[in-house]
Amino acid sequence: VRQIRGDDPGLTEPTIALVKSRAQLAALGSRYLLGRVSHDLENYDLVLVAMGQRPTAGYWAAIQGVQHDSQQRALFVQARVNRPSDQDTTAQVMTHPFAAVLIPKTPAVRVLPEIESTVGALSPRP
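Residues numbered from 1 in each chain as written. Predicted model: local features only at pLDDT ≥ 70, side-chain atom pairs only at ≥ 80, totals over all residues. Heavy atoms only, no water.

J.: Explain the environment of Leu 33 to me, using residue names and the numbers behind them.
T.: Within the fold, Leu 33 resides in helix α2 (residues 32-37). By relative accessible area, which is 0% here, Leu 33 ends up buried. Residues Leu 33 and Val 81, 48 residues apart in the sequence, show an inter-C-alpha distance of 18 Å. Sequence-distant contacts of Leu 33, defined by excluding residues within four places in its chain, comprise Ile 4, Asp 8, Leu 25, Leu 46, Leu 48, Phe 98 and Ala 100. (Helix = DSSP H or I, 4+ residues; strand = E, 2+ residues; numbered from the N terminus. Buried < 20%, exposed > 50% of the residue type's maximum accessible area, 1.4 Å probe, protein only. Contact = heavy atoms within 4.5 Å.)

Structure (structure tokens):
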């Protein structure tokens with residue numbers, strides 16, 4: 001599973017979503033991510049964890065796992081989000097961190113998030 005991480009200025013609100021179409025991703029406000037994966041959404045669904053607008057650098061999100069529960073028509077999404085510690089030196093710039101993975105089309109209709117929150121952790125390698 002390919003993970004896409006970065007900054008998308010259109011994703012201004014914290015969001016955890018199962019995105020099944022270009023229209024749905026556009027409705028979330030995506031700019032960067034929409035350009036990267038819009039052609040893939042014909043064959044794949046997108047699991048998105050977006051942290052919304054943040055006041056500095058040092059924030060990041062990473063998806064660690066996705067499991068399908070066919071009985072509940074749900075996806076369990078394990079993710080980790082980080083904010084910088086008070087001791088971290090960070091750029092004073094608005095950021096919009098997100099993590100997303102493309103998964104094969106699924107009949108799931110909802111996401112059950114399992115989010116771990118950390119402070120001052122190093123961003124995992126892509």
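J.: Just give me the short version of the pairing of strand β6 (residues 97-104), but keep the residues and values in it.
T.: The element β6 is extensively covered by neighbouring structure, given that 7 of its 8 residues are classed as buried. Of the strand pairs in this sheet, strand β1 (residues 3-7) and β6 are connected by 5 bridges, and their pairing is antiparallel. Within the sheet, the bridge partner assigned to Gly 6 lies in β6 and is Phe 98. With 7 bridges joining them, strand β3 (residues 44-51) and β6 adopt antiparallel strand pairing. Bridged to Tyr 44 within β6 is Pro 104. (Pairing = 2+ DSSP bridges.)

J.: Can you tell me about the nonpolar core, naming the residues and giving the values?
T.: Most often, soluble globular proteins keep nonpolar side chains buried together rather than apart. Grouped together as the largest cluster of nonpolar side chains are 15 residues, with contacts concentrated most on Leu 18, Val 47, Val 49, Ile 63, Leu 75 and Val 77. Looking at this core, the elements that each hand over two or more residues are β3, β4 (60-69), β5 (74-83) and β6. Take this core: its biggest share by element is 4 residues, from β5. The contact partners of Leu 75, leaving out residues within four places of it in the chain, are Leu 18, Val 47, Val 66, Gln 67, His 68, Ile 103, Thr 106, Ala 108, Arg 110, Val 111 and Leu 112. Counting 14 residues, the second-largest nonpolar core is a separate cluster that includes Leu 11, Val 37, Ala 50 and Phe 98. (Core = buried A, V, L, I, M, F, W, Y, C linked by side-chain atoms within 4.5 Å.)

J.: Got a sec to walk through the pattern of salt bridges? Specific residues and values, please.
T.: One pass over the structure, following the stated rule, counts 3 salt bridges. If you follow the salt bridges from partner to partner, you end up with Lys 20, Asp 45 and Lys 105 in one network. (Salt bridge = Lys/Arg side-chain N within 4 Å of Asp/Glu carboxyl O.)

J.: Break down the sheet that holds strand β7 (residues 110-119) for me, citing the residues and quoting the values.
T.: A sheet is described by the order of its strands in space; here 3 strands give the open sequence β4-β5-β7, paired in mixed fashion. Only two strands of the sheet have a single neighbouring strand rather than two, namely β4 and β7. Along the sheet, successive strands turn relative to each other by an average axial angle of 15°, direction set aside. Two elements, β5 and β7, share 10 bridges in a ladder whose sense is parallel. Bridge pairing links Ala 74 to Arg 110 in β7. (Axes fitted to C-alpha atoms, helices over the stretch in contact; angles between N-to-C directions.)

By themselves, these are just geometric observations and shouldn't be taken as functional.
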